[in-house]
Amino acid sequence: MRMTNLAAAIGDSPFRRDVIAGLSATKKSIPAKYFYDAEGSRLFEEITALPEYYPTRTEIALLGKVAPEIARHIRPASALVEFGSGASVKTRLVLDAAPQLGAYVPIDISETALSQAAQAIAADYPDLRVSPIAGDFTKPMALPEAIRARPVVGFFPGSTIGNFTPDEASALLARARALLGDGAAFLVGADLVKPVETLLAAYDDAQGVTAAFNKNLLVRINRELDGDFDLDAFDHRAVWNAEDSRIEMHLVSARAQTARIGSESFDVAAGETIHTENSYKFTQPMFAAIAERGGWRIETDWVSDAQPFATFLLRAA
Ligand code: SAH
Ligand code: AVI
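If you're wondering where the values come from, they're calculated on a predicted model, not measured in any experiment.

Once that is clear, we can look at the site of ligand 2. Near ligand 2 there are 14 residues, and of these Y53, N163, Y203, E277 and S279 occur at the shortest range. Side-chain polar atom of Y203 to an oxygen atom of ligand 2: 2.5 Å apart, as the coordinates give it. Contact between ligand 2 and S279: an oxygen atom at 2.6 Å from a side-chain N or O atom of the residue. When isolated, ligand 2 has an accessible area of 340 Å², and the protein chains bury 97% of it.

Once that is clear, we can look at the pattern of salt bridges. Tallied over the full model, the rule gives 24 salt bridges. Between R177 and D182 there is a salt bridge whose closest N-O contact spans 3.0 Å. Classification of D182 as exposed rests on a relative accessible area of 70%. K281 is the partner of D191 in a salt bridge, and the nearest nitrogen-oxygen pair spans 2.8 Å. Taken as a pair, D191 in strand 6 (residues 185–191) and K281 in the loop between strand 11 (273–280) and helix 10 (284–293) lie far apart in primary sequence, 90 residues in all. The pair formed by D191 and K281 is uniform in burial state, with each residue classed as buried. Salt bridges here are not isolated pairs; linked through shared partners, they connect D37, R220, R223 and E224.

In this section: the site of ligand 1. Around ligand 1, the structure places 17 residues, and the nearest of them are G84, K90, D108, D136 and F137. At 2.7 Å, a backbone N or O of G84 approaches a nitrogen atom of ligand 1.

Summarising the element assignment, R246 is placed in strand 8 (residues 246–253). Residue class for R246 comes out buried when judged on its relative accessible area of 13%. Among the polar contacts listed, one links the side chain of R246 to the side chain of Y280, at a separation of 2.7 Å. Dropping the residues within four chain positions of it, R246 is found in contact with V239, W240, N241, H275, N278, S279, Y280 and K281.

Membership of the largest hydrophobic core comes to 35 residues, with the highest contact counts inside it found for F83, F186, F287 and W296. When contributions to this core are tallied by element, the ones reaching two or more residues are strand 1 (79–83), strand 2 (103–108), strand 5 (152–156), helix 7 (166–180), strand 6, helix 10 and strand 13 (309–316). The biggest single contributor to this core is helix 7, with six residues. In this view, F186 contacts F83, G154, F155, F156, L173, A176, L180, W296, F312, L313 and L314; residues no more than four positions away in its chain are not counted.

All right, on to the pairing of strand 8 then. Among the eight residues that make up strand 8, eight are buried, leaving the element largely enclosed by the rest of the structure. Sheet topology places strand 7 (residues 234–241) next to strand 8; eight bridges connect them, and they run antiparallel. What sits directly across from H236, in strand 8, is L251. Adjacent in sequence and paired antiparallel, strand 7 and strand 8 are bridged by four residues, among which S245 carries a positive phi angle near 55 degrees. Where strand 8 meets strand 11, seven bridges bridge the pair, whose relative direction is antiparallel. Within strand 11, the residue paired with E248 across the bridge is N278.

In this section: helix 3 (residues 38–48). Because each turn of an α-helix spans 3.6 residues, side chains separated by three or four positions end up pointing in the same direction. Those residues of helix 3 lying buried are G40, S41, L43, I47 and T48. End-on view of helix 3: buried residues confined to an arc of 160 degrees, all on one side of the axis. At its buried positions, helix 3 is contacted by helix 4 (54–71), helix 6 (111–124) and helix 9 (209–224).

Here we come to the environment of S41. Assignment of secondary structure puts S41 in helix 3. With relative accessibility at 11%, the residue S41 sits in the buried group. In this structure, the C-alpha to C-alpha distance between S41 and F213, residues 172 residues apart in sequence, is 8.8 Å. Apart from the residues within four sequence positions on either side, S41 is in contact with Y36, S110 and A113.

So, how was this worked out
- Residues numbered from 1 in each chain as written.
- Chains lettered and ligands numbered in written order.
- Predicted model: local features only at pLDDT ≥ 70, side-chain atom pairs only at ≥ 80, totals over all residues.
- Heavy atoms only, no water.
- Near = heavy atom within 4 Å.
- Polar contact = N/O pair within 3.5 Å; in protein donor to acceptor, adjacent residues only side chain to side chain.
- Areas by Shrake-Rupley, 256 points an atom, 1.4 Å probe, with all protein chains shown as cover.
- Salt bridge = Lys/Arg side-chain N within 4 Å of Asp/Glu carboxyl O.
- Buried < 20%, exposed > 50% of the residue type's maximum accessible area, 1.4 Å probe, protein only.
- Helix = DSSP H or I, 4+ residues; strand = E, 2+ residues; numbered from the N terminus.
- Contact = heavy atoms within 4.5 Å.
- Core = buried A, V, L, I, M, F, W, Y, C linked by side-chain atoms within 4.5 Å.
- Pairing = 2+ DSSP bridges.
- Arc of directions from axis to C-beta.

Below, the structure is given as structure tokens:
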């Protein structure tokens, strides 16, 4: 049988493999990194401006306040290597406070967001060498040759570290430790535990932007993997899992249905959920244990006095 152009284009991509594996499991799930196609990245930026979504404005205020202190830990001509750089908004606070930075390496899985942000940074900081890397930072990667002679500072804001289980987060930090090298500093933003009502509102906003972000995953599957998910037959749900200290996002099936992806089909029961994201909320000891297991020690940290949110300065152990 001849393959259609779409089937040939889809091939056996990591996206297809991960979605098929996740939907075949007893508890259905899809990795959160697949939220970020161009529309997902746009919706995430919309989320950051919502009144209920406190993390972005809290971290921006904190970084704005402590950036001069952070800058004192950055050696001349250093390269700033950012994990999950998105629109590179918080980056500017570090670049402005630390003009001794000589290079910027934004890493992101979302190619459109990455190239737009890299171009904007290059235009606004003409003396900075900007070398973007489009890719998945949970997979092997190497720094560009031109960066390797420079002192390195990692930057991982947004509490994106919270989108990984503690084991995954330690493994990711260990991978970052190997990439950034001996002597590297690593600035990591981590959202801290806070009242459940604040958390639930942040992940289930009144305007429904987070719901659209969650459902966009199905839109992406339909478009890129030849799926037929009925968007009206799934609802967004955010729940607090106290035992694991995390907000979970799910897509809940409103009725019994069968969804198709290419030639594969999946039965989904009424009320069954597809688990799409974890967002861990840390205590300082919880974060310290994860960082130490990843090969880092905490040199210093700064905590917001508005909503609890921490920026940790880690040093390669
Ligand atoms: N750092 C920004 C954006 C956070 S949103 C901020 O603090 O506001 C999370 C970002 O990480 C998105 O841009 C997404 O595309 C990227 N991302 C998520 N998982 C990734 C992965 N596995 N590899 C590379 N980038 C990833
Ligand atoms: C990118 N990440 C840290 C966000 C978070 O808060 O977990 C993604 C997000 N999910 C729902 N709203 C925002």
